[in-house]
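Notes for the structure review
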Amino acid sequence: MEDLLFVLMGISGTCIKILFPKSTDDPMGDDDDEVDTGEWESVRYAIDPSLDPSVGRLVEKMLPLATYYMSISAFVEQHSRYEYGSINHALSAALSSILKEYETFIAQLEHQFQSSNKFTLQQFWFFTQDDTAQQMGILHDLVMTIRQLRYKRRQSNDDDEDDIEAVLEGLKKADEGQIKITDQEKGGPILNILTERMIGLSGDPRCKKIYAYLLARASEPYFEILYSWIYRGKIIDPHNEFMVLEKLSVRKENLKEDFNDAYWEMRYTVREKLVPSFLEPLQSKILLAGKYLNVVRECGINIAKPEDMQAAMNADMNHADNPTWTTGPARGDVWSAVNGAGFVKSLEIAYKYANHTLLNLLLKEQQLIARLRSLKHYFFLDQSDFLTSFLDLAKDELKQPAREISLVRLQSLMDLVLRNSSSVAAYDPFKEDLKVVRSKLKLVDELLRIINVAGLDSLPRDSRWMNGVSDASRGSAQLERSQSMVGSISGGVSDTATSIATNNTSSRDVLSGYDALTLDYTVTFPLSLVISRKALTKYQLLFRHLLYLKHVEDRLCNAWMVQKTALWKNKSSSPGLDAWKYRIFTLRHRMLMFVQQFAYYVTNEVLEPNWRRLESNLDKVSTVDQVLQYHSDFLDTCLKECMLTNAKLLRIYNKLMTSCMVFVAHTERFSQLLATLVEQQIPNQFGIPKAGLGEAASASASSFETAHRALAKIEDQFGYHMKLLLEALNYYSATETVQFLCLVVRLDYNQYHKSKSK
């Protein structure tokens, strides 16, 4: 019996020997392979054959208890190491407390053995089979299950090589002898094992009680990290166990610089595999509560203490819906073990406080809505008196090639306009944040480098639709098209799109000041969460779209003013010349109507209604994420309805605007030719035209014929692309947005183009 007492404490006796696998006889040693490979089931015992067979069989019934004790003790020693994390440390501490009870029990048996001559082996066996054997067996099964996590990882080393975070973690370890513990062997997965076993064995009251105790003890350090996150917005996680991952490389300063930066989405993310199963329904709220408080803390605002949060949010809590749980009684037992009701209440208070504080910070202290109105004023030209004055002052500068323009001079002119007391902008408190910048590409080229130009497969199979589309764009039609500027912008610039933009831009084209001019806006954190570099780029695209429309309209109006002079208004002696002038007047009017109607559609039927909708949504917003979502949807909808996300519509529109600019460029030559022809038709004193009947008359006729052909070409191109645009808008109004029908009605208000297509 003395040997049996030794063996039950993991020490070999005289008559009973412990046989460990791999010839080791130290279960508490540093042989990690012994401990990790789950070979505790292979432990055997050598009983002295001289013992009575009945005694030997009775001893064999009690020996598994020794295996359980050694297995649990080895697990506690190993998982108490630093690298196994705080959850394993807490679990090991809980197991140690149970082992102490076991050791006390063995000491009591030894006392009975030493003090009583009537203490028999049968009594020994009776006492061990009471509760101790069952309890130790339960704990042994648990530690064997946890060991299997490491055993399975060793069996699949290839998977670990693909785990980038595991590789990075391994690179950080200076000591090659240090054990590398993966995320699946600590933190949330350990709590999940305890949870699932508690649920699976809930029919046994003894098992349920043990696992409830272990889960409560093991989850304590996890909830400490959790409370630090939801109450202070900080992650204090030295062992990398928490469900929320902080990426230090994602900085808030990048919001103002990096076009593809996603600070709000990427700074803090949920690691799905590390979320404890009982927290899965709350993971979104947990993430947001900490994110909101983190932003508040980074703005230098003091965060209230937990008890003050509750006092501040009591009114909201009284009207809030209490979270309900319909996961069954077994899950309810898990929730009770970790004091889930108290945590849910704390989470609700913390979430509401964080959301309320950040919303107040954005909407009231940072004046988000006033900032957005300022952006609308400058980028959407709702009161464009400042732009008209600026373009008048800077017209000589903007006529130069973009690379020769002085941004300092343009900025000084803009500041002069904005400070003019007669301008509406003079009363804008944020006018100092407006900056003049220069783009490196034309608007259409930049858009083609942003959007994915695939999607031609969705167009009608007609050769008309492929006109003007390069071979490179046809080859790219297999790419996936993204109508959302969020997705297309985040995806970066594809090589195919870049090549198309390059092919569509002649190397001889020089970027003018009007093509390169755009605005920028200075915002600080936390406003940069909403008005990020990505959002500002969308504002810039819409501004350049409007600016180009205004510029083309101004050029056409100047041509109209030229053609109101006596040279153009007076009848000539040649009917052919009058017919040619009438064709020029008609084409100019059609172009001017197209540009004006398009500009009206963009401003009054796209930007303004969507802005009103955004204002309405922001007035009733309840969370910060809704603010971000509404603003992003507003910009994406504006870009889509302005045809800036559809490569096909964009190309047709570009052809039409190019035709207008070509016509304007020819207008001056047409005026010179008309003046020459009119002068040559004036008769001299003999009644003969000044041009005479010789070579001069032939040259004039040749020049007129050339101008006639040029005008006819512009007419054909403009008419063809106008008809093509209307067909495309009708098609996309059924597949993308019905808003395009409003533009169709405006461009073909008198059914002129529809009648000509019949």
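Owing to the predicted nature of the structure, the values given are computational and were not obtained by experimental measurement.

**Some details on the overall build of the protein**
- In terms of helices and strands, the protein carries 34 helices and six strands.
- In the protein, which comprises 758 residues, the proportion classed as buried is 49%.
- Just so you have it, the protein exposes about 36,200 Å², and 51% of that area is on carbon and sulfur atoms.

**Re a nonpolar patch on the surface**
- Nonpolar side chains collect at one region of the surface, where W125, F126 and F127 lie side by side and expose about 300 Å² of accessible area between them.
- Along the chain, F126 falls in helix α5 (residues 121-128).
- We classify F126 as exposed; its relative accessible area is 55%.

**Considering helix α30 (residues 624-641)**
- Its 18 residues give α30 an end-to-end C-alpha distance of 26 Å, which sits within 8% of 26 Å, the value for a rise of 1.5 Å per residue.
- Every buried residue belonging to α30 is among V624, V627, L628, H631, F634, L635, D636, C638, L639 and E641, and all of these are buried.
- Two residues or fewer after α30 comes M643, characterised by a positive phi angle close to 70°.

**What about the pattern of salt bridges?**
- Evaluated as defined, the whole model comprises 17 salt bridges.
- Where R267 meets E246, a salt bridge forms, and the shortest distance between an N and an O atom there is 3.1 Å. Pair noted here: R267 is in the loop between α12 (263-266) and β4 (268-270) and E246 is in strand β3 (residues 244-246), with a separation of 21 residues, a long-range link.
- Accessibility expressed as a relative area gives 28% for E246, which makes it partly exposed.
- E348 serves as the salt-bridge partner of K285, at 2.8 Å between the closest nitrogen and oxygen. In this pair, K285 sits in helix α13 (residues 283-298) while E348 sits in helix α16 (residues 340-365), placing the two residues 63 residues apart along the sequence.
- The class of E348 is buried, set by a relative accessible area of 9%.
- Three or more residues joined by partner-sharing salt bridges are found here, namely R373, K376, D382, E608, R612 and E615.

**Remarks on the packing of aromatic side chains**
- All chains considered together, the criterion is met by 21 aromatic pairs.
- Ring centres 6.1 Å apart and planes at 35° place the aromatic pair Y292 and Y351 in the tilted group. Taken together, the residues Y292 in helix α13 and Y351 in helix α16 connect sequence positions 59 residues apart. Just as Y292 is buried, Y351 falls in that class too.
- A ring pair is formed by Y378 and F386, whose centres lie 5.3 Å apart and whose planes are at 90°; its orientation type is edge-to-face.
- Residue classification places F386 among the buried positions, given a relative accessible area of 0%.
- Put simply, the rings of F379, F380, Y539, F543, W611 and F634 pair up and form one aromatic cluster.
- The cationic tip of K564 hangs over the ring face of W560; the distance from NZ or CZ to the ring centre is 5.4 Å.

**Focus: helix α33 (residues 740-747)**
- F740, L743, V744 and L747 are the residues of α33 that are buried. Viewed along the axis of α33, the buried residues span an arc of 105°, placing them on a single side of the element.

**Regarding the nonpolar core**
- Counting residues in hydrophobic clusters, the biggest one holds 204 residues, and the most contacted among them are L214 and F594.
- Per-element accounting of this core gives the leading share, 17 residues, to helix α29 (residues 575-619).
- Setting aside anything within four residues of it in sequence, one finds L214 in contact with L91, A94, L95, I98, L139, L142 and L194.

**Describing the environment of I106**
- On the secondary structure map, I106 appears in helix α4 (residues 85-115).
- A relative accessible area of 4% means that I106 is categorised as buried.
- If near-sequence neighbours (up to four positions away) are discounted, I106 is found in contact with L5, L8 and M9.

**Focus on the environment of A289**
- Relative to the helices and strands, A289 is located in helix α13.
- Take A289: its relative accessible area is 0%, and that puts it in the buried class.
- With 63 residues separating them in the primary sequence, A289 and K352 have C-alpha atoms 7.9 Å apart.
- Non-local contacts of A289, meaning those with residues more than four positions away in its chain, are made with I230, L347, Y351 and A354.

**Thoughts on the packing of α4 against helix α9 (residues 188-200)**
- Close contact between α4 and α9 brings their axes to 8 Å; oriented N to C, the two are set at 40°. Classified by the interaxial angle, the pair formed by α4 and α9 is oblique. Contacts from I87, N88 and L91 in α4 reach I190, L191 and L194 in α9.
- A class-by-class count of the residues in the contact of α4 with α9 yields five nonpolar, one polar and no charged.

**Things to note about the pairing of strand β6 (residues 517-521)**
- Here β6 lies mainly inside the structure; five of its five residues are buried.
- Because side chains alternate across β6, one face comprises the buried residues L517, L519 and Y521, and the other comprises T518 and D520, equally buried.
- Bridge analysis of strand β5 (residues 434-438) against β6 gives five bridges, and the strand direction is antiparallel. By the bridge assignment, L434 is partnered in β6 with Y521.

**Observations regarding unusual backbone geometry**
- Cis rather than trans, the peptide bond between F525 and P526 has omega equal to 10°.
- Checked against the element boundaries, P526 lands in the loop between β6 and α26 (527-530).
- The phi angle at Q367 is positive, at roughly 55°, despite the residue not being glycine.
- Note on placement: Q367 falls in the loop between α16 and α17 (368-379).
- In this structure, L381 takes a positive phi of about 55° despite not being glycine.
- The residue L381 is located in the loop between α17 and α18 (385-393) in this model.
- Residue L381 is classed as buried on the basis of its relative accessible area, which comes to 10%.

**A closer look at the confidence of the model for the protein**
- For the protein, per-residue confidence averages 77 on the pLDDT scale, and 77% of positions sit at 70 or higher.
- The low-confidence segment residues 27-38 (pLDDT under 50) makes 32 contacts with residues lying over four places distant or belonging to another chain.
- Low pLDDT (under 50) marks residues 452-508, which in the prediction has 102 contacts with non-local residues, meaning those over four places away or in another chain.

What counts, and where the lines are drawn
Per-chain numbering applies: the sequence of each chain, read as written, is numbered from 1 onward. Per-residue local features are limited, in this predicted model, to residues with pLDDT of at least 70; the limit for side-chain atom pairs, both in listing and counting, is 80 or more; totals at the level of whole chains, interfaces and linings are taken over all residues. Values reported for side chains reflect all heavy atoms of the structure, with hydrogen atoms and water molecules removed beforehand. Helix and strand assignments follow DSSP, with helices taken as H or I runs no shorter than four residues and strands as E runs no shorter than two, numbered in order from the N terminus. Note on classification: 1.4 Å probe, protein chains only; a residue is buried when its accessible area is under 20% of the maximum for its type, exposed when over 50%, partly exposed between these limits. Exposure was quantified through the Shrake-Rupley algorithm and a 1.4 Å probe, taking into account, for residues, occlusion by the shown protein chains and nothing else. Think of a patch as exposed residues, more than 30% relative accessible area, with no salt bridge, where like charges cluster within 9 Å and nonpolar side chains (Val, Leu, Ile, Met, Phe, Trp, Tyr) cluster within 5 Å. Salt bridges are defined by distance alone: a side-chain nitrogen of Lys or Arg within 4 Å of a carboxyl oxygen of Asp or Glu. Every helix has an expected span of 1.5 Å times one less than the residues it contains. Centres within 6.5 Å make a pair out of two Phe, Tyr or Trp rings, where for Trp the six-membered ring is used; the pair is then stacked when the planes are under 30 degrees apart, edge-to-face when over 60, and tilted otherwise. By definition here, charges over rings are those cases where NZ of Lys or CZ of Arg is within 6 Å of the ring centre and within 35 degrees of the ring normal. The arc in question is formed by the directions pointing from the helix axis toward the C-beta atoms. We call a set of buried residues a nonpolar core when its members are Ala, Val, Leu, Ile, Met, Phe, Trp, Tyr or Cys and they connect through side-chain atoms within 4.5 Å of each other. Whether two residues are in contact is decided by their heavy atoms, any of which lying within 4.5 Å being enough. For helices, the fitted line uses only the C-alpha atoms of the stretch in contact; every axis is such a line through C-alpha atoms, and the angle between N-to-C directions lies from 0 to 180 degrees. Oblique is the label for any angle not under 35 degrees, not over 145, and not in the 65 to 115 range, which are roughly parallel, roughly antiparallel and roughly perpendicular in turn. Gly is placed with the polar residues, together with every amino acid not listed as nonpolar (Ala, Val, Leu, Ile, Met, Phe, Trp, Tyr, Cys and Pro) or charged (Asp, Glu, Lys and Arg). Think of it this way: DSSP has to see at least two bridges between two strands before they count as a pair. As a per-residue measure, pLDDT reflects the predictor's confidence and takes values from 0 up to 100.

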